[in-house]
Amino acid sequence: MGAERRVGIGIIGCGNISSQYLKAMRDFPVLEIIAVADMKPEVAERKAAEFGLAAVTVDALLADPRVEIVVNLTIPRAHVEVGLRVVAAGKHVYGEKPLGISFAEGRRLLDTARAKGLRVGSAPDTFLGGGHQQARILIDSGAIGDIVGGTAFFACPGHERWHPDPAFYYDIGGGPVLDMGPYYITDLVNLLGPVDSVMAMSATPQAERPIHSEPRKGQMMPVKVSTHVAGLLKFRSGPIIQVTLSFDVPGHAHLPFELYGSRLSLLVPDPNMFGGEVKTRSATEREWTVSPCDQPYADANYRSLGVADMALAIRDGRPHRASGDLALHVLEVMEAFETASREQRQVTISTPVERPEPLASSIRDGRLA
Ligand SMILES: NC(=O)c1ccc[n+]([C@@H]2O[C@H](COP(=O)([O-])OP(=O)(O)OC[C@H]3O[C@@H](n4cnc5c(N)ncnc54)[C@H](O)[C@@H]3O)[C@@H](O)[C@H]2O)c1
């Protein structure tokens, strides 16, 4: 196979997040966008016109032999249904997070793809960003020591303040765990390895919530999921991490990520971003020290870095990093928050997963290659 071969990409789902993908894909020459599609044709046509692309029907996109990877940017409830159609069409699929809205359906997608020799990839890919790779380098170098514990904290007043169509965040498949949990838990697995077990408590303080954003301002949305979740993750490598994920917090002063090692404490940047400062502090220091970052993909929103890595991996016959196996492990952990809370017990995680290879091994001249 020629080292320069580009990989044909089709996009299904042309909503809010698709613009970020279409902009970021310009940074990755391996990706050749063939066409975009949406179940609402006018939405696909608008997006195609904005980016100078072709809009087609979902069926036409799936039938196009030039499309090798379909990037599935539909809503969580549709991820597996669309993913299974992609795989049935004989194409690899890379989807937005979460992999699915239940562990069982996520596993069905992976099993079906594997039986056909096709790949599944999944967002988030922010853990491949320079800030998180820098934190990984520090941990792997032994500088932090053995990690004992830490905190992962996401809390906001809810996406109904900005998203134009926020109802899916409160429907089955929504909630702060499935929505924001993937960023935090995926990065934790990148840094610490697989999760062993989960304990949690959860709450749904409001049975319905008003939309604050246009165009549906004032309408009420039913809330069918837990919106405030506090949990504990025990990692197979030893650390115990406290996790808070909430849509019920007016404001707070917590950092997204703190890890406590036997040598140093480590502040990891926001896992919803690619960059951000990595800081350390020893027991004797009074101030935090910024760890200089020389890793690429730390200076912008590179959503689609994981797609580019998967395209190169297909071309070069190596594993891709933002993998379906990683996303399934994370989905099992997220489902375990709800099970642990409902059944008041510690839930053991069954799926095996390897830490993804550091991005540095695929960087040539400062870029992914
Ligand atoms: N909005 C964000 O800032 C953001 C950020 C990161 C990740 N995400 C994730 O991206 C995904 C999409 O979010 P969004 O905010 O763009 O949602 P959205 O509602 O704005 O867009 C989803 C699009 O998918 C289309 N669609 C839904 N079901 C379909 C189907 N079965 N077949 C074809 N098209 C279908 C809809 O018509 C819509 O245009 C979600 O999984 C979300 O978690 C969103």
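Owing to the predicted nature of the structure, the values given are computational and were not obtained by experimental measurement. (Residues numbered from 1 in each chain as written. Predicted model: local features only at pLDDT ≥ 70, side-chain atom pairs only at ≥ 80, totals over all residues. Heavy atoms only, no water.)

This part takes up the overall build of the chain. Within the chain one finds 9 helices and 18 strands. Taking the principal axes of the C-alpha coordinates as reference, the chain spans close to 60 × 50 × 35 Å. For the chain, with 369 residues in total, the buried portion stands at 57%. In the chain, the share of contacts with a sequence separation of at least 24, taken over all contacts with a separation of at least 6, comes to 73%. Where the 38 positive side-chain charges of the chain centre and where its 43 negative ones centre are 1 Å apart. (Helix = DSSP H or I, 4+ residues; strand = E, 2+ residues; numbered from the N terminus. Buried < 20%, exposed > 50% of the residue type's maximum accessible area, 1.4 Å probe, protein only. Contact = heavy atoms within 4.5 Å. Lys, Arg positive; Asp, Glu negative; His and termini not counted. Charge placed at Lys NZ, Arg CZ, Asp CG, Glu CD.)

Here helix H6 (residues 130-141) is 12 residues long and its end C-alpha atoms lie 16 Å apart, about the 16 Å a rise of 1.5 Å per residue gives. Extensive coverage of H6 is indicated by the burial of 9 of its 12 residues. Along H6, the residues that are buried comprise Gly130, Gly131, His132, Gln133, Gln134, Ala135, Arg136, Leu138 and Ile139. Tucked inside the fold, the buried residues of H6 contact strand S6 (147-155), helix H7 (175-192), strand S12 (257-261), strand S13 (265-268) and strand S14 (279-281). Looking one or two residues past H6, Gly142 carries a phi angle of roughly 90°, positive in sign. (Expected span 1.5 Å × (residues − 1).)

Contact pair helix H4 (residues 79-88) / helix H5 (residues 103-115): the axes reach a minimum separation of 10 Å and the direction vectors enclose 5°. The angle between H4 and H5 places the two elements in the roughly parallel class. Contact residues: H4 offers Val80, Gly83, Leu84 and Val87, while H5 offers Glu105, Gly106, Arg108, Leu109, Thr112 and Ala113. (Axes fitted to C-alpha atoms, helices over the stretch in contact; angles between N-to-C directions. Parallel < 35°, antiparallel > 145°, perpendicular 65-115°, else oblique.)

In this section: the packing of aromatic side chains. Per the stated rule, a full pass over the model turns up 8 aromatic pairs. Here the aromatic cluster, defined as three or more aromatic residues joined through ring pairs, consists of Phe28, Phe274, Tyr297 and Tyr302. (Phe/Tyr/Trp six-rings, centres within 6.5 Å; stacked < 30°, edge-to-face > 60°.)

With that settled, the discussion passes to the nonpolar core. Counting 111 residues, the largest nonpolar core has Val71, Leu233, Leu259 and Phe337 as its most contacted members. Each of domain 1 (7-125 + 302-323) and domain 2 (127-290) contributes no fewer than three residues to this core. (Core = buried A, V, L, I, M, F, W, Y, C linked by side-chain atoms within 4.5 Å. Domains from an automatic or database assignment.)

So, on to a nonpolar patch on the surface. Among the surface-exposed residues, Met199, Leu232 and Ile240 lie close enough to one another that they form a single nonpolar patch of about 240 Å² accessible area. Summarising the element assignment, Leu232 is placed in strand S10 (residues 228-235). (Patch = residues over 30% accessible without salt bridge, like charges linked within 9 Å, V, L, I, M, F, W, Y side chains within 5 Å. Areas by Shrake-Rupley, 256 points an atom, 1.4 Å probe, with all protein chains shown as cover. Salt bridge = Lys/Arg side-chain N within 4 Å of Asp/Glu carboxyl O.)

In this structure, Met39 sits in the loop between strand S2 (31-37) and helix H2 (41-51). Along the sequence, Met39 and Thr74 sit 35 residues apart, while their C-alpha atoms lie 9.3 Å from each other.

Next up on the list: the domain arrangement of the chain. A common way to express how large an interface is: the accessible area buried when the components associate. Under the domain assignment, the chain is made up of domain 1 (7-125 + 302-323) and domain 2 (127-290). Centre-to-centre, using C-alpha coordinates, domain 1 lies 25 Å away from domain 2. On the side of domain 2, 17 residues touch domain 1, which itself brings 16 residues to the contact. Taken together, the two surfaces of domain 1 and domain 2 that pack against each other cover about 1,500 Å², and 67% of this comes from carbon and sulfur. When the buried surface of domain 1 facing domain 2 is broken down by residue, Lys97, Pro124 and Arg303 rank first, second and third, together holding 34% of it. On the surface where domain 1 and domain 2 come into contact, there are 2 salt bridges. With a shortest N-O distance of 2.7 Å, Asp179 and Lys97 are connected by a salt bridge. Where domain 1 packs against domain 2, one counts 5 residue pairs in polar contact (both at pLDDT 80 or more). In the side of domain 1 that touches domain 2, the residues fall into 8 nonpolar, 3 polar and 5 charged. (Buried area = accessible area lost by both parts, 1.4 Å probe. Polar contact = N/O pair within 3.5 Å; in protein donor to acceptor, adjacent residues only side chain to side chain. Nonpolar A, V, L, I, M, F, W, Y, C, P; charged D, E, K, R; others polar.)

What follows concerns the site of the ligand. Asn16, Ile17, Asp38, Lys97 and His163 are the nearest of the 25 residues found near the ligand. A distance of 2.9 Å separates an oxygen atom of the ligand from a polar backbone atom of Ile17. Note that an oxygen atom of the ligand is positioned 2.6 Å from one of the side-chain N or O atoms of Asp38. Coverage of the ligand by the protein chains reaches 89% of its 830 Å² of free accessible surface. The element contributing the most residues to the shell around the ligand is H4, with 3 residues. Tallied by class, the residues present in the shell around the ligand amount to 13 nonpolar, 6 polar and 6 charged. Both domain 1 (7-125 + 302-323) and domain 2 (127-290) contribute no fewer than three residues apiece to the shell around the ligand. (Near = heavy atom within 4 Å.)

This model, assessed by the stated rule, comprises 18 salt bridges. Residue Lys224 is joined to Asp171 by a salt bridge in which the shortest nitrogen-to-oxygen separation is 3.6 Å. In this pair, Lys224 sits in the loop between strand S9 (220-222) and S10 while Asp171 sits in the loop between S6 and H7, placing the two residues 53 residues apart along the sequence. Connected via shared salt-bridge partners are Arg77, Asp171 and Lys224.

This part takes up the side chain of Glu105. The topology assignment puts Glu105 in helix H5. This buried residue, Glu105, is left without a salt bridge; Arg108 holds the nearest opposite charge, at 4.6 Å. Once residues within four sequence positions are removed from consideration, Glu105 is found in contact with Val80 and Gly100.

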